[in-house]
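Chain and residue survey
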Amino acid sequence: MDPEEEKAQEIELLQSMYPDEMAIISPAVYTITITLEPPTSRNGLITKNSNQSLIIHVEYSEGYPETLPIIDLSFEYKKLDDDDEESDDDSKRIEEKPLLLNNTDLDTLREKAAQEAEENLGFPSIYAVTSSLKDQAETILQEKQDAIERALEEKAREEEEREQAKFRGTLVNRENFLIWRKKFKAEMEEKERLETGKVEEKTKPTGREIFEKGLDGSKNEGDDLGDLPEAVSEITVS
């Protein structure tokens, strides 16, 4: 078949498959915009406000399909407006910053496009390329989502372990037991020293008690009439 006829037939087929996604720039140049499905979380919820598209730029080389087409890629992201969000089932969506393709991802996808075109050399290959790129791009986004969830789960697990450790206490081994015993012994000795000092301080008489009881020698035996009956102390001698 004539190469020009093959190109025309392929474009006609692609237009029927991508009626709204394909834009013809010239007989040999066009773009196909592929809407990517948003990634899902492990509990089956899908990312909210995700409306990302992969744009495939195609240019037929001279002699295509016996030669490789020129394919380049870009992407665009459009935030869903309020009307679109309300039409979605919010019970199945999660609030989350959208995961977007980056330049490194586009380089990976370009390699995938070149590989797919090479494998289909000699045949019209654009549909195979677009299908493969859509699958690969959605896989990349899903892997990003999975990585985020694994990180969050690991963080939650570490936090839970820290909380449980508060109730478990410290596991006893020979080293920390000896440290504890030494500290405990020192604390008990200090406690005993303080208690002994308090007893000594309590039993030692005060200066007033020493004076009143004549323990300092300032009173003679019998000088204290306080112990005699009041009637005896009032007797006069003539």
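Note: the structure precedes this text.
Let us look at the structure shown here. What you are looking at is a predicted structure, and each value in this text was computed from that prediction instead of being measured.

So, the overall build of the protein chain
Secondary structure assignment for the protein chain yields seven helices and six strands. Put simply, the protein chain runs from its N terminus to its C terminus through helices and strands in the order α-β-β-β-β-β-α-β-α-α-α-α-α. Relative to its 238 residues, the protein chain shows a buried fraction of 25%. In the protein chain, 64% of the contacts between residues at least 6 apart in sequence involve partners at least 24 apart. Accessible surface, the protein chain as shown: approximately 17,400 Å² in total, 52% of it carbon and sulfur.

Some points on the pattern of salt bridges
One pass over the full model with this rule turns up nine salt bridges. The closest approach of N and O atoms between Asp107 and Arg110, which form a salt bridge, is 2.8 Å. With Asp107 and Arg110 both in helix H3 (residues 103–119) and three residues apart, this pair spans about one turn of that helix. Residue classification places Arg110 among the partly exposed residues on the basis of a relative accessible area of 29%. For Glu159, the salt bridge identified is with Arg162, shortest N-O distance 2.5 Å. Taken as a pair, Glu159 and Arg162 lie in helix H4 (residues 126–168) at a separation of three residues, close to a single helical turn. Judged by its relative accessible area of 35%, Glu159 is partly exposed. Given the relative accessible area of 46%, Arg162 is considered partly exposed. Linked by salt bridges that have partners in common, Asp72, Asp107 and Arg110 make up one network.

Some points on H3
Residues that lie three or four places apart on an α-helix share one face, since the helix turns once every 3.6 residues. End to end, H3 covers 24 Å across 17 residues, agreeing with the expected 24 Å (1.5 Å per residue, within 8%). All buried positions along H3 are accounted for by Asp105, Leu106, Leu109, Ala113, Glu116 and Ala117. Angularly, the buried residues of H3 cover 110 degrees about the axis, an arc narrow enough to put them on a single face. Turned more than 90 degrees away from the buried face of H3 sit Thr104, Glu111 and Glu119, all of them exposed. For H3, the N-terminal cap is Asn102; the gap from its side-chain oxygen to the backbone nitrogen of Thr104 is 3.1 Å.

Thoughts on the sheet that holds strand E2 (residues 29–35)
Taken in spatial order, the four strands of this open sheet run E1-E2-E4-E5, and their pairing is antiparallel. Looking along the sheet, the strands with just one partner apiece sit at the ends: strand E1 (22–26) and strand E5 (70–77). Averaged over all adjacent pairs, the angle separating strand axes in this sheet is 20 degrees, with direction ignored. Sheet topology places E2 next to strand E4 (residues 52–59); seven bridges connect them, and they run antiparallel. In the strand pairing of E4, Val29 is matched with Glu59. Seen against the sheet, H3 touches E4 and E5 and runs at an angle of roughly 145 degrees to E5.

A look at the packing of aromatic side chains
Overall, the coordinates contain five aromatic pairs when judged by the stated rule. Counting every residue linked through ring pairs, the aromatic cluster contains Tyr30, Tyr60 and Tyr64.

Here's the deal with unusual backbone geometry
Note that the residue after Tyr64, namely Pro65, is joined by a cis bond; omega there is 15 degrees. With respect to the helices and strands, Pro65 occurs in the loop between E4 and E5.

Rules of the game
Residues numbered from 1 in each chain as written. Predicted model: local features only at pLDDT ≥ 70, side-chain atom pairs only at ≥ 80, totals over all residues. Heavy atoms only, no water. Helix = DSSP H or I, 4+ residues; strand = E, 2+ residues; numbered from the N terminus. Buried < 20%, exposed > 50% of the residue type's maximum accessible area, 1.4 Å probe, protein only. Contact = heavy atoms within 4.5 Å. Areas by Shrake-Rupley, 256 points an atom, 1.4 Å probe, with all protein chains shown as cover. Salt bridge = Lys/Arg side-chain N within 4 Å of Asp/Glu carboxyl O. Expected span 1.5 Å × (residues − 1). Arc of directions from axis to C-beta. Polar contact = N/O pair within 3.5 Å; in protein donor to acceptor, adjacent residues only side chain to side chain. Pairing = 2+ DSSP bridges. Axes fitted to C-alpha atoms, helices over the stretch in contact; angles between N-to-C directions. Phe/Tyr/Trp six-rings, centres within 6.5 Å; stacked < 30°, edge-to-face > 60°.

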